[in-house]
Amino acid sequence: MESLRSIQHRCQQLLPEMGRGWSSSSAAPLAKSISGNQDSPAHKFSGKRRTVIARYGPYKDEYCTITKGYQGNRIRTTKYTLISFIPMNLFEQFHRAANLYFLFLVLLNWVPVVEAFQKEITMIPLVVVLSVIAFKDAMEDYNRYCFDKMINNKVTKVYSGKQQRYVEQQWKDICVGDFVLLSCNEMIPADMVLLHSSNPDGVCRIETSNLDGETNLKQKQVVKGVAWQGFEVSPEAFQRRIECESPNNDLNCFRGFLEHPNRTRVGLHNENLLLRSCTIRNTDSVVGIVVYAGHETKAMKNNSGPRYKRSKLERRVNVDVLWSLAMLLFMCFSAAIGHGMWLSDLKNAPFLIPDGTSPSLAGFYLFWTMIIVLQVLIPISLYVSIEIVKLGQIYFIQNDVDFYDERSTLGMQCRALNITEDLGQIQYVFSDKTGTLTENKMVFRRCSIAGVEYPHEDNGEPDSGVSDCSSTHFSTSRREVHVILITNNQEEIWYCSHQEKDVIPDPQLLLKLNQLSSAEPLLQDGAGDEPQEIPYIVDFFLAMTLCNTVVVSLPGLSQYPMSEFPQMAMKPLENMKLLFQRLSATRSISSRSESKVAAYSPSNFTQKLFSRAKESVPLSDMSQVETEEAEGLQVTAPKPELSEKGAQALATPQAGPCRLDAESEALVYAAESPDEAALVHAARAYQCTLWARNSDQVLVELPGLGRLAVHLLHVLPFDSFRKRMSVVVRHPLTGQVVVYTKGADSVIMDLTAPLTEGSKAAAKLKYIKEQTQRHLDEYGREGLRTLCVATKVMEETEYSMWLKNHMYAETSIENQEEKLLESANKLETNLTLLGATGIVDRLQEDVPETIEALQGAGMHVWVLTGDKQETAVNIACSCRLLRSSDKLLTINCESKEACEALLLQLSRIVAEAKDNDVGGPSGHTLIIDGRSLELALQGNLEKAFLDLAQHCRAVICCRSTPLQKSQVVQLVRDRLGVMTLAIGDGANDVSMIQVADVGVGISGQEGMQAVMSSDFAISRFKHLHKLLLVHGHWCYTRLANMTLYFFYKNVAYVNLLFWYQFYCGFSGSTMTNYWVLIFFNLLFTSAPPLLYGILDRDVSADILQHLPVLYQAGQLSQAYLPSTFWYTMLDALYQSLICFFVPYFAYSGSDISVFSFGTPINTSALFIILLHQVIQSHTLTRMHGMVLVGSALFYFVFILIFSATCTTCNSPANPLAVDIRHMKDPLFYCVTALTTALALLPRVLCISIKNSIHPTDLVKAAQLDKLDPEKRQRGIQRWRSTLTHGKSLATVTVADGDPRED
Amino acid sequence: MASGYSAKEEDGHHSGAPGPAGSAAARSRKPDNTAFKQQRLPAWQPILTAGTVLPAFFIIGLLFIPIGIGLYVTSNNIRELQIDYTGTEPSSPCFECSQNYSWNMTRSCACSVPFSLDQPFESNVFMYYGLSNFYQNHRRYVKSRDDSQLNGNLKSLKDPSKECEPYRMNDGLPIAPCGAIANSLFNDTLELFYNEPNGTKTQIPLLKKGIAWWTDKHVKFRNPTGDNANLTAIFQGTTKPINWQKPVYELDTDAENNGFINEDLIVWMRTAALPTFRKLYRIIEKRGSASPTLPRGNYTLEIIYNYPVRSFEGRKRMILSTISWMGGKNPFLGIAYITVGSICFFLGVVLLIIHHKYGSRSNSADLPH
């Protein structure tokens, strides 16, 4: 009730000049100019700011000039229009180097002197590639178009100036300055400033899942001072002017102010802004004025394109494409020289066409001709093929049933389309802890209040209710959010929090708390130790219920009726009040609040407690606001216009605890973080129930005291920098202004009040602090997440001073964040420690196994967590990242020098251990805290840190900030040049996920930000196991093999043409029909490699999962090394030599004609290329068979039809009868058979000898695959056991050379 | 999917893959547990080891060696005789002709080369002319023709294709047949005489029909407007190729072998693949089964020497050959087959040794015994 608003207005009244001062100093000229010339349009400032006035308001004429440059709400996300598609798409496509090369060839062929083929033929590949991609683009664009249309034609209620009422309008017709009326569950059509909400407290809730995937409700607030009571708001009388920032993409920031006609200003914040594409929830109707529309909305500004990362393999491919280019140039160059020399020896030969060009010029021309002839050497179709293959791979990854999580009904989601193969090459894994390794299902486990520990022994046992996660709460997964939006489905989406709810109260604590209801005896007892504890406990629980941003809702009711205030049992309350007043003096030594407390005489206070106050304060009624403000605490009695339900609830307030329990059981808490929910649930278990919350008040129930309305003066939300959050409230019992802070223990401990020695109270405080620290350490060792709770009582004057400052910070446009931070820091000092909580976060299933597998696969696993060291180490132990035999190297240092010395010392230890390595499984684990990490990440220590870290088996960075996480990943990635993977689930992991080569998001409890920024989204950590070890391995192997095959194929085929140049005077002649030449690559041999790239499976999933060591093949890029490339090239060269020269010798001196000569060569090449793939393939399914046979058949059918029908159609090749005659000729078959066999002989021989003498791990694994399951199992076990004995596999196999002799 | 404008939707799957990503509705379903989607299709998984490829090597060896022997024997049974009559050496009977000749000489030069056959040619004998160092496969040469003109298209007859340049028009008249290939038509005349022991020379009848492919003669090459019309009239308004001595309609007296369907022209127009080639010139048919086609004895090759080869250091040959199912004489294939077969057999043995030495290990290395 004591809202910001009233203070603001009071300030405005008292200090008129302050009003302007609220905008930051840099904004002063603006303010001056506006006040100096009220009527001048503000579009002068439109460069940096925008002014918004009502469209049908009093300044209609001005409206046009102001909004001239503003976009309407129609959106167009399509890249092309119907007309611009072809030119634009072509333009886009020719940005690709490969397509440009193609185009260059086509153009080259139009130059008569170098023309190699018919012009149309050279265009075919280009046309095919372009049209395939254009088709894909067109389909995507069409989808977008349909989508835009659907969105643009959505209907909402907009105020119409003509009809003087809200009429239905399509989204696209909405303009800046329009008033929009929205009902519950409607989508927001544009960014609007909230002007009216049907909720009496001027609050409205929105769901932002469309924007950031977070399903909790966000509270939005009507602009202060624009409170319209009635529903009938009149936009025509809206004289206010809104100044705000120019459109930008920062979702969490909105700055501006609203200027009243009397030139007073109210600051606008993010919480006044309704964002486009969010949904109104729990609010019957809202009205807003549009400030950003269409593409200028924050949602649209955030609409960035898909992620594009270049995979490691692709970079490798690009290098080899350059090599191919070099080969091409070399071949063309040598042909050009050869042609020149050949020509210079000849004069007037009858087969030369006299045209007067000199041999050297002819050689030059020939160079370009050869580029056209040998164009296939550059595997342009490779890029298209790689894209297709990756789509196929993604299809299979997404369809893997093992990635399907029954509970969340989520499968695997590939968000980046082009880095599947990077999954197979990961060397470093950076993992978040909470929510990634653990469930992020927080259960309140232990707590310590005022130095006394309450162990909650019955609590937090695993599997207490995990299984019955009710489907009603979980049925709507995030994936269905879209669906919900269409159907306006009203189902709530909350965390599955059964486990969180099931807190069994600690009997001792419960007992103490229950004394509240019978506080009288305590009061009479006087000052014992016991009663001193009571205020701590009460404050502790108040902090637990108040200090959060949990949104409460009751199913079926938008929220608990706030206006309903329960009658309270008088006696206990009064007793409590007295108790508090007596005791608070001892607690708040540091604060100077005693005098203030005294000022509130008990009788006065009690009287006020039950005085009636108005629910919301009318703008005009300033004097009343002031008086009420002065009175401080107000507790309102139920208003007559209570809702039906509220009245019912009120009917029997304290009488039916069962009914109440049932009702409280039905309360649904939506929390931003699971910790908060856990704490609120825990408090409820002690009957400290959070009933409702709005911007001004929180309705809480305390045991024995009934429901109390606590006035929420301020909330300083959590941020990762401060690592804490605070609320400022009027204490319901003492009426003082109280700050409750909860946050990371390290931070809170530093913020507690300095201790003055001597007094008894100080000793007590010291004792509490020490005890709490001891408990915290203990919690940490147990792997609990710890939070400290502290409080502070503020003097009124102190508070108002601070508030003034804070208001100023809130309304400033520039440097707002810094000022707010400063303001928060001012508030959160001199705290009194209340206690600490320990929350357990269980490991996800199969995490230890997964980590073990990842390490077994040679990956370095780093855990980067914001948790404290003990917790992190504990979790690391339980997930087997740390083993008992491991040596822990801990770095906790304060200064850079110390850090450097420590790093060097530890490096020495590691180096020594390495020298003395006896092959034991023990390793070193580095543990570094945030502060040391910051020092280590500074320039010259980076290297020392990395040297140390890369020799450790695991690294745990605790207390690290999101920024540090990404810095670490970046450092490792860039300095060590390794493939990195980051996995996390929360917003704090986003930067790390984006920096890593592969980012994996876990769609977990903390919203979707991590998933949004990730390349792959999984639902459980254990899925990483299969994703990397199986799919990663497959994707990499497949793509690498396919790419190599592509290079091989092109080189092998193109070289045939090159060899022919030696027998045609290097004239650029080809022995192949041009059509066959072009189609050879495009049609006859294109499908099998694609299938190979998508379906090949070198080792079965089962074996890959059981033998992580196999993953190392991918890490070392064994499938595609530079040497592999050159071996492949060598083989291609050999095969092309065979394929050309066997037919050459077979037909030399005979009467064979040019194009007849090509047929056996082509046919052999086809067989060689197809059979080569069979040799390379690890699996051949029926599909492979069909495609391979189909390709060969297609070739034969094509050439036979061609040679049967084409009489003069393809001059000069004249295929008529050529191939048919060959098919009748036994010699043709003899030549083809010999060529094919001889060409493939060396490869088969080499592979089989290598596989026999020195098989790679993969080959051995493939052999295991062939055994029956029982034997295979034994084989796997045996292999694993040899690995764990620390021997390398090579030595094992040698040792096992003669197993029977052992 | 109403949230299309959020970063999420856009990032997610709209702009990326239309196919596999699928719609939201499809994704929320559990993936089908089918063998295909779970990549469990039954498959043949070949692992190449000494043990597995060993049989293939033996089989290839066993197959190839007999084939090679067969090819070799066949090739050896083919009788072939080559006579080089280029006449570059002063001792050669055609030396005179070869020295003096150029394309535009009106007087023809004749020379005769005697030769003898040690063994008779039993079956049909094919008479070839062979050219060496003649690049009929030169890119621009190969293209220098107009197939539709040769196919009897009247329009192309009067207006030949641009590809024929610079042998397209001469003195304002279109050249028929146009192009460099036709222009360089082989125009030596070869005649064969058998020197009877009694000293008389008997001319051996040479068939000049049936030397071209049937499809070429009947489908691809056609005289304009029917074959029986007066060729001279049809070719009115065209001119002969520059190097020719006679126009195309005077190539032969036989109407069935005149004009574009002259078989010598057709054979020449099928450009050879390699710079050393032979082209079928005439066929000597076997008369009756009693006597060989060409008995042992002395022969004389009478040449009307027209075709200049000195400019490109070419050589001209006359080749007499019988043919088999595998065409002309070529020992290469037979030898290659035998060699490859032997190598395979040998490698098979090597692999067998490897298999014995390592194979058992490679199977047992990871397996318990």
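Numbers given to residues run from 1 along each chain, matching the order in which its sequence is written. Numbering of ligands from 1 and lettering of chains from A proceed in the order in which they are written. Totals for whole chains, interfaces and linings use every residue, but because this is a predicted model, local features are given only for residues with pLDDT of at least 70 and side-chain atom pairs only at 80 or more, for both listing and counting. Excluding hydrogens and water, the side-chain figures rest on all heavy atoms present in the structure.

**Some thoughts on the overall build of chain A**
So, point 1. Secondary structure counts use DSSP, requiring at least four H or I residues in a row for a helix and at least two E residues in a row for a strand, with both numbered from the N terminus. What chain A contains, in helices and strands, is 50 helices and 33 strands.
So, point 2. The buried share of chain A, taken over its 1302 residues, is 62%.
So, point 3. Residue contacts follow a heavy-atom distance rule, with two residues in contact if any of their heavy atoms lie within 4.5 Å. Considering only intrachain contacts with a sequence separation of at least 6, the fraction spanning at least 24 residues in chain A is 76%.
So, point 4. Total accessible area on chain A is roughly 47600 Å²; 58% of this is exposed by carbon and sulfur atoms. Residue burial is assigned from relative accessible area. The probe radius is 1.4 Å, only protein chains are included, and a residue is buried under 20% of its type maximum, exposed over 50%, and partly exposed in between. Methods summary: accessible areas were calculated by the Shrake-Rupley approach with a probe of 1.4 Å, and residue burial reflects only the protein chains presented.

**Overview of the pairing of strand β29 (residues 924-929) of chain A**
Looking along a regular strand, one sees the side chains alternate between the two faces of the sheet.
Residue and element names in this part refer to chain A.
So, point 1. Across the six residues of β29, six count as buried, placing the element largely inside the fold.
So, point 2. Side chains His924, Leu926 and Ile928 project from β29 onto one buried face, and the interleaved Thr925, Ile927 and Asp929 project onto a second face that is buried too.
So, point 3. Relative to β29, strand β28 (residues 887-891) runs parallel, the two sharing five bridges. Following the sheet pairing, Thr890 is matched in β29 by Ile927.
So, point 4. A pair of strands is treated as paired once DSSP finds two or more bridges between them. When β29 meets strand β30 (residues 954-958), the two strands line up parallel, connected through five bridges. Paired with Ile927 across the strands is Ile956, a residue of β30.

**What about the environment of B:Tyr299?**
Residues and elements named next belong to chain B.
So, point 1. In this structure, Tyr299 sits in strand β9 (residues 297-305).
So, point 2. For Tyr299, a relative accessible area of 0% gives the class buried.
So, point 3. Distance in space between the C-alpha atoms of Tyr299 and Asn198 is 13 Å, their sequence separation being 101 residues.
So, point 4. Ignoring sequence-local partners within four residues, the contact set of Tyr299 consists of Val113, Pro114, Phe115, Ser116, Leu117, Phe193, Tyr194, Asn195, Ile204 and Leu294.
So, point 5. N or O atoms closer than or at 3.5 Å make up a polar contact, with two conditions inside protein: a donor-capable atom paired with an acceptor-capable one, and, for residues adjacent in sequence, both atoms drawn from side chains. Of the polar contacts made by the side chain of Tyr299, one reaches the backbone oxygen of Pro295; its length is 2.5 Å.

**Re the packing of helix α12 (residues 380-398) of chain A against helix α38 (residues 1023-1061) of chain A**
All names here are of chain A.
So, point 1. Axis lines are fitted to C-alpha atoms, over the contacting stretch for helices. Their N-to-C directions set the angle, which ranges from 0 to 180 degrees. At a minimum axis separation of 11 Å, α12 and α38 run at an interaxial angle of 160°. By the angle between their directions, the pair α12 and α38 is classed as roughly antiparallel. Classified by chirality, the crossing of α38 by α12 is right-handed. In contact with Ser381, Leu382, Ser385, Ile386, Val389, Lys390, Gln393, Phe396 and Ile397 of α12, α38 contributes Leu1027, His1031, Cys1035, Arg1038, Leu1039, Met1042, Thr1043, Phe1046 and Phe1047.
So, point 2. Amino acids are sorted into nonpolar (Ala, Val, Leu, Ile, Met, Phe, Trp, Tyr, Cys and Pro), charged (Asp, Glu, Lys and Arg) and polar (every other residue, Gly among them). When grouped by side-chain class, the residues that make up the contact of α12 with α38 number eleven nonpolar, five polar and two charged. Here the word oblique covers every angle except those under 35 degrees (roughly parallel), over 145 (roughly antiparallel) and from 65 to 115 (roughly perpendicular). For any pair of crossing helices, the crossing counts as left-handed if the nearer helix is rotated counterclockwise from the farther one by less than a right angle, and right-handed if it is rotated clockwise.

**A closer look at helix α43 (residues 1122-1147) of chain A**
So, point 1. By this rule, a helix spans an expected 1.5 Å times one less than how many residues it contains. Compared with the 38 Å implied by 1.5 Å per residue over 26 residues, the 38 Å span of α43(A) between its first and last C-alpha is a close match.
So, point 2. The positive-phi residue at the C-terminal boundary of α43(A) is A:Gly1149, with phi of around 80°.

**So, the packing of helix α10 (residues 312-344) of chain A against α43(A)**
Residue and element names in this part refer to chain A.
So, point 1. Running from amino to carboxyl end, α10 crosses α43 at an angle of 35°, the nearest separation of the two axes being 11 Å. As α10 packs across α43, the resulting crossing turns out to be right-handed. Residues Arg316, Asp320, Trp323 and Met327 of α10 pack against Pro1122, Phe1125, Trp1126 and Met1129 of α43.
So, point 2. Here the residues of the contact of α10 with α43 are counted per class, giving six nonpolar, no polar and two charged.

**Digging into a nonpolar patch on the surface**
Residues and elements named next belong to chain A.
So, point 1. Nonpolar side chains collect at one region of the surface, where Tyr1127, Leu1130, Leu1133 and Leu1137 lie side by side and expose about 390 Å² of accessible area between them.
So, point 2. Checked against the element boundaries, Leu1133 lands in helix α43.
So, point 3. Taking the relative accessible area as the measure of exposure, Leu1133 reaches 33% and is therefore partly exposed. The patch calculation keeps residues exceeding 30% relative accessible area without a salt bridge and links them within 9 Å when they carry like charges or within 5 Å when they are nonpolar (Val, Leu, Ile, Met, Phe, Trp, Tyr). By definition here, a salt bridge exists when the distance from a side-chain nitrogen of Lys or Arg to a carboxyl oxygen of Asp or Glu is within 4 Å.

**Points about the confidence of the model for chain A**
One rule of thumb: low pLDDT means the predicted coordinates there are not for detailed reading.
All names here are of chain A.
So, point 1. Residue-level pLDDT values for chain A average 76, and 78% of them are 70 or greater.
So, point 2. Below pLDDT 50 for its whole length, residues 520-530 participates in 13 contacts with residues either more than four positions away or in separate chains.
So, point 3. Segment residues 1286-1302: pLDDT under 50, and 19 contacts once partners within four positions in sequence are set aside and those in other chains are kept. A residue's pLDDT is simply how confident the predictor is in it, with values from 0 to 100.

**Observations regarding the sheet that holds strand β10 (residues 265-268) of chain A**
Residues and elements named next belong to chain A.
So, point 1. With antiparallel pairing, the four strands of this open sheet are ordered in space as β1-β8-β9-β10. Strands at the two margins of the open sheet, each flanked by one partner only, are β1 (49-52) and β10. The average angle at which neighbouring strand axes cross in this sheet is 20°, direction not considered.
So, point 2. As defined by bridge partners, strand β9 (residues 256-259) adjoins β10 across four bridges and the pair is classed as antiparallel. Pairing of Gly256 across the sheet is with Leu268, part of β10.

**Quick notes on the packing of aromatic side chains**
So, point 1. Aromatic rings from Phe, Tyr and Trp, taking only the six-membered ring of Trp, are treated as a pair when their centres fall within 6.5 Å; an angle between ring planes under 30 degrees marks them as stacked, one over 60 as edge-to-face, and anything in between as tilted. This structure, assessed with the given rule, holds 72 aromatic pairs over all chains.
So, point 2. Each ring, one from B:Phe235 and one from B:Tyr249, has its centre 5.9 Å from the other, and the planes form 25°; the classification is stacked. Of the two residues, B:Phe235 sits in the loop between α10 (231-234) and α11 (263-269) while B:Tyr249 sits in the loop between α10 and α11, which places them 14 residues apart along the sequence.
So, point 3. Among the residues examined, B:Phe235 registers a relative accessible area of 1% and is labelled buried.
So, point 4. Members of the aromatic cluster, connected to one another through ring pairs, are A:Trp342, A:Phe351, B:Tyr129, B:Phe134, B:Tyr135, B:Tyr141, B:Phe186, B:Trp268, B:Phe277, B:Tyr281, B:Tyr307 and B:Phe312.
So, point 5. Its end group placed over the ring of A:Tyr70, A:Arg50 keeps NZ or CZ at 3.9 Å from the ring centre.
So, point 6. Two conditions define a charge located above a ring, namely a distance within 6 Å from the ring centre to NZ of Lys or CZ of Arg, and an angle within 35 degrees of the ring normal. Of note, B:Lys201 hangs over the ring of B:Phe193, and the distance from its end group to the ring centre comes to 5.9 Å.

**Digging into the side chain of A:Thr741**
Residues and elements named next belong to chain A.
So, point 1. With respect to the element layout, Thr741 can be found in strand β24 (residues 737-743).
So, point 2. A polar contact is formed between the side chain of Thr741 and the side chain of Ser726, at a distance of 3.0 Å.
So, point 3. Apart from the residues within four sequence positions on either side, Thr741 is in contact with Cys547, Arg724, Met725, Ser726, Ile748, Cys788, Val789, Ala790, Glu828 and Leu831.

**Topic: the nonpolar core**
So, point 1. Only buried residues count toward a nonpolar core. Its members are Ala, Val, Leu, Ile, Met, Phe, Trp, Tyr and Cys residues joined through side-chain atoms within 4.5 Å. A:Leu374, A:Phe1140 and A:Phe1157 are the most contacted members of the largest nonpolar core, which totals 140 residues.
So, point 2. Ranked by the residues each element gives to this core, the list is headed by α38(A), at 18 residues.
So, point 3. The contact partners of A:Phe1140, leaving out residues within four places of it in the chain, are A:Leu1056, A:Trp1059, A:Tyr1060, A:Tyr1063, A:Met1071, A:Phe1157 and A:Ile1161.
So, point 4. Ranked by size, the runner-up nonpolar core spans 74 residues in total, among them B:Ala212, B:Phe260, B:Val267 and B:Leu320.

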